[in-house]
Structure formats: C-alpha cells, structure tokens
Amino acid sequence: MANDLVKKGYEKVADDYAAKRNQFESIKYLEIFSKLIEKGKTILDIGCGGGKPVDEFLVKHGFVVNGIDISERMIELARNNVPEAFYEVKDMSDLSEEEYCVDGIVSFYAIFHTPREKHQEILNKFSSFMPKGGAILITMGSSEWEGTEDDFHGAKMFWSHYGADKNKELVENAGFEIILNEITSSEEKHQVIIAKK
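A.B. asks: Kindly report on helix α5 (residues 119-128), identifying the contributing residues and their values.
C.D. replies: Taken across its ten residues, α5 has eight buried, putting it largely inside the fold. Here α5 has its buried residues at H119, Q120, I122, L123, K125, F126, S127 and S128. Close packing links the buried residues of α5 with β1 (42-46), β4 (104-107), β5 (135-141), β7 (155-161) and α6 (164-173).

The structure is reproduced here in structure tokens:
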C-alpha cells in the first residue's frame with residue numbers, strides 16, 4: 001500500500017527531512033496566501049511535517065493552525081516546534097467530506113504522496129472543509145509521473161502525480177478559482193497553486 005510506504009518512510013527520515021527542508025521557498029507563497037484570509041481565522045495544514053516554516057509563519061501572522069500528518073514522529077516535531085498549533089496524526093486519504101470547518105488549507109509536498117487517481121476526491125474534500133471565499137495553497141507534481149525512489153533522505157518513498165495542466169483542471173473541478181499557478185525554480189520542480197473557493 002502506497003500510504004504504508006509513505007508513513008514508514010517519513011517515520012524513518014522525519015528528523016533529517018525537517019532539518020533540511022527548504023525553509024524559504026514556502027514563505028513567498030505563504031505571504032500571498034495569508035492576505036486572502038482574515039487574521040484570527042483557522043488554517044488546516046495537511047501534511048504539516050515538522051511545523052516549520054509553514055505553521056510557524058501562520059501562527060506568527062495571527063492565524064489559528066490545525067495540522068495533520070501521517071507520521072507520528074513528524075507530529076511530535078511539530079508539537080515541539082510550534083506549540084501554539086493543534087496537531088494530530090491522520091492520513092489525508094482517510095479524511096471525510098466536511099470533517100473540518102476551516103477558512104483555509106495549506107498542503108506542501110503531500111498530495112503527490114497519494115495515488116493520483118484519488119487527487120480529485122482529495123481536492124473535493126478540501127473544498128468541503130471551507131465556506132465560499134476560503135483559500136488553498138497547495139503543491140502538486142509539475143509533470144506526469146508515478147513510482148518510488150529508494151533513497152529519499154535515506155528511505156524508500158512513493159510519488160504519484162499528473163502534469164501541471166491536469167492538476168489545474170482538478171483544482172478548478174473542486175470549485176476553486178486559481179489566483180496563482182507556477183512551477184518553482186528550485187531543483188525539485190513543484191507546481192504551486194493558490195486558489196479561492
């Protein structure tokens with residue numbers, strides 16, 4: 001099962017990944033995203049990892065943050081790094097429609113660890129968690145690919161994603177209007193999408 005591989009992988013590499021994660025690439029997108037939502041509102045971080053820099057940024061900018069991650073070790077790190085946020089161990093594939101009621105969702109480097117056939121369903125659930133006017137900031141794969149890598153920070157890891165045009169279509173199908181859609185210039189090419197419901 002893909003999610004078992006992802007969970008096991010992140011349990012193994014959590015500390016190394018959290019230490020080496022690109023701390024700066026996310027910030028410029030978070031600055032745009034944070035202007036779309038009123039201060040004091042609740043943001044759900046799906047695939048929150050160790051909580052830095054994303055949740056740390058959001059808390060400092062006046063938001064209430066809930067974070068979920070498939071890895072228990074990542075949640076442990078997040079609770080230590082950003083004690084002001086609320087965290088729980090949860091697999092995004094197991095989320096139910098309307099399970100949360102939030103004003104925004106961020107999801108960095110997480111959706112593409114789930115089978116791509118489920119991406120539309122996952123985005124539809126994201127949409128169900130927020131009222132009209134809510135916003136999302138997500139990263140997707142920039143080109144079509146599915147497979148495993150044997151040495152992701154020292155563990156085996158699974159990826160599955162469509163190309164950029166298909167990803168845009170999935171987001172729009174889920175009821176979002178795209179505000180920003182770009183491919184990052186970093187070594188690992190990611191598609192970053194910011195959109196409003």
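A.B. asks: I'd love a proper account of the pattern of salt bridges, names of residues and values included.
C.D. replies: The full count for this structure, using the stated rule, is eight salt bridges. As a salt-bridge pair, E76 and R73 come within 2.8 Å of each other at their nearest N and O atoms. With a gap of three residues between them, E76 and R73 both fall in helix α4 (residues 72-81), about one helical turn apart. Residue E76 is classed as partly exposed on the basis of its relative accessible area, which comes to 43%. With relative accessibility at 22%, the residue R73 sits in the partly exposed group.

A.B. asks: Describe the nonpolar core, with residues and values.
C.D. replies: Counting 29 residues, the largest nonpolar core has L30, F33, L58, V106 and L137 as its most contacted members. Going through the elements one at a time, α2 (25-34), α3 (54-60), α4, β5, β7 and β9 (190-196) are the ones with two or more residues in this core. No other element matches the four residues that α3 contributes to this core. The contacts of L30, once residues within four sequence positions are left out, are V54, F57, L58, V106, F108 and L137. Counting 26 residues, the second-largest nonpolar core is a separate cluster that includes A110, I111, L170 and A195.

A.B. asks: Outline the sheet that holds strand β8 (residues 177-183), supporting the account with residue identities and numerical values.
C.D. replies: Reading across the sheet, the seven strands line up as β3-β2-β1-β4-β5-β9-β8 and stay open at both edges, with mixed pairing between neighbours. Both outer strands of the open sheet, β3 (86-89) and β8, are each paired with one neighbouring strand and no more. Taking each pair of neighbouring strands and ignoring which way they run, the sheet shows an average axis angle of 20 degrees. Judged from the five bridges that link them, β1 and strand β2 (residues 64-69) form a sheet pairing that is parallel. Considered in β2, the bridge of L44 is made with N66. The sheet contacts of α5 involve β1, β4 and β5, and relative to β5 the element is tilted by about 165 degrees. Across the sheet, α6 touches β5, β8 and β9, and the angle it forms with β9 is around 20 degrees.

Cut-offs and rules
Residues numbered from 1 in each chain as written. Predicted model: local features only at pLDDT ≥ 70, side-chain atom pairs only at ≥ 80, totals over all residues. Heavy atoms only, no water. Buried < 20%, exposed > 50% of the residue type's maximum accessible area, 1.4 Å probe, protein only. Helix = DSSP H or I, 4+ residues; strand = E, 2+ residues; numbered from the N terminus. Contact = heavy atoms within 4.5 Å. Salt bridge = Lys/Arg side-chain N within 4 Å of Asp/Glu carboxyl O. Core = buried A, V, L, I, M, F, W, Y, C linked by side-chain atoms within 4.5 Å. Pairing = 2+ DSSP bridges. Axes fitted to C-alpha atoms, helices over the stretch in contact; angles between N-to-C directions.

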